[in-house]
Amino acid sequence: GLEVHVVGPEAQPLVRVLGEQLSAMVRKIHEDKGVVFHLGKKGVRIEADAVILDDGTRLAADLVVAGVGVRPRTELAEKAGLKVDRGVVTDEHLRAAPHVYAIGDIARFPGLDGQLVRIEHWVVAQRHGESVARSILGDEAPFRDVSFFWSAHFDVTIRYVGHAESWDRSEVSGDPMKHDASVRYWKGARLLAVATVGRDLEALEASRDRGA
Ligand SMILES: Cc1cc2nc3c(=O)[nH]c(=O)nc-3n(C[C@H](O)[C@H](O)[C@H](O)COP(=O)(O)OP(=O)(O)OC[C@H]3O[C@@H](n4cnc5c(N)ncnc54)[C@H](O)[C@@H]3O)c2cc1C
């Protein structure tokens, strides 16, 4: 029953992560529920009963939720002499130093292609924990899991397998607006990630194939 306004600098919600087609779907799902988007805009000031946007728009508001990203707090790691690069840098065992591990949002670890990545997803943090527990118990297998996250929008859930910070081509199969689609994100000949809606089996298969 609340009136909801979403303000963001991007052209579509989540477009940087999901690309044009799925972000258009996300926008429609929310608009169909009455959410009003103010995109290409930023909030510049919060007053007692309103948010002021950079084009001067005044949005009356009783409650403001600011989702403006997170930054890992690495001071303690730095003081301890660990290598820090916008996160705590680890090897492929998630080890930051002998007997010291970094997992979850704070860890910058080698991804499947060997490049260091820092991934803010629940399942990644969970699997990091499992992997480090195995390492501590003497299993020296490196962390090689494929990244996964879900993103729920009312009754529609996007499942995303892999990790694509940027891509040069995306391929859509099905119809996102009918909530039955998959999108493949490519860089050159490399498939970086697969996002699915209403196609859980395809997400599982992508996870298996990307890990292979
Ligand atoms: C609003 C929001 C929505 C999200 N939605 C999704 C989603 O849809 N799907 C998804 O996959 N991921 C989502 N995430 C990301 C996901 O929650 C994180 O990736 C995950 O929680 C990371 O786990 P973590 O253990 O690394 O860190 P956290 O879950 O942040 O846990 C760190 C813990 O350390 C504690 N702590 C901090 N400093 C100290 C200290 N000095 N001493 C002791 N304890 C300390 C904190 O209190 C906290 O409990 C979302 C995150 C946010 C904020």
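Sequence order sets the numbering: in each chain, residues are counted from 1 along the sequence as written. Only residues with pLDDT of at least 70 get local features here, since the model is predicted, and only at 80 or more are side-chain atom pairs given and counted; chain-wide, interface and lining totals rely on the full set of residues. Each side-chain value is derived from all of the structure's non-hydrogen atoms; neither hydrogens nor water enter the calculation.

1. Side note on the nonpolar core
We define the nonpolar core as a collection of buried residues of types Ala, Val, Leu, Ile, Met, Phe, Trp, Tyr and Cys that are connected through side-chain atoms lying within 4.5 Å of one another. Note on classification: 1.4 Å probe, protein chains only; a residue is buried when its accessible area is under 20% of the maximum for its type, exposed when over 50%, partly exposed between these limits. Counting 16 residues, the largest nonpolar core has Leu-18, Leu-22, Met-25, Ile-158, Tyr-160 and Tyr-185 as its most contacted members. Secondary structure elements are defined from DSSP: runs of H or I of at least 4 residues count as helices, runs of E of at least 2 residues count as strands, and each element is numbered from the N terminus. Secondary structure elements with two or more residues in this core: α1 (15-32), β12 (156-162), β14 (180-187) and β15 (190-197). In terms of residue count, α1 provides more of this core than any other element does, 5 residues in total. Among the nonpolar cores identified, the runner-up in size contains 13 residues, and Ala-77, Ala-107, Val-117 and Val-132 belong to it.

2. Notes on the side chain of Ser-147
Within the fold, Ser-147 resides in the loop between α3 (122-136) and β11 (148-153). Classification of Ser-147 by relative accessible area gives buried; the value is 9%.

3. Observations concerning α3
Here a helix's expected span is defined as the number of its residues, less one, multiplied by 1.5 Å. Given a rise of 1.5 Å per residue, 15 residues ought to cover 21 Å, and the 21 Å separating the end C-alpha atoms of α3 matches this to within 8%. Taken as a whole, α3 has its buried residues at Val-123, Val-124, His-128, Ser-131, Val-132 and Ser-135. Taken around the axis of α3, the buried residues stretch over an arc of 165°, which confines them to a single face. Facing away from the buried side of α3 by more than 90 degrees, the exposed set consists of Trp-122 and Ile-136. Residues count as neighbours in contact if any of their non-hydrogen atoms are within 4.5 Å of one another. For α3, the elements touching its buried residues are β8 (100-101), β9 (107-110) and β11. One or two steps after α3, the chain reaches Gly-138, where phi turns positive at roughly 105°. By construction, the arc corresponds to the directions joining the helix axis to the C-beta atoms.

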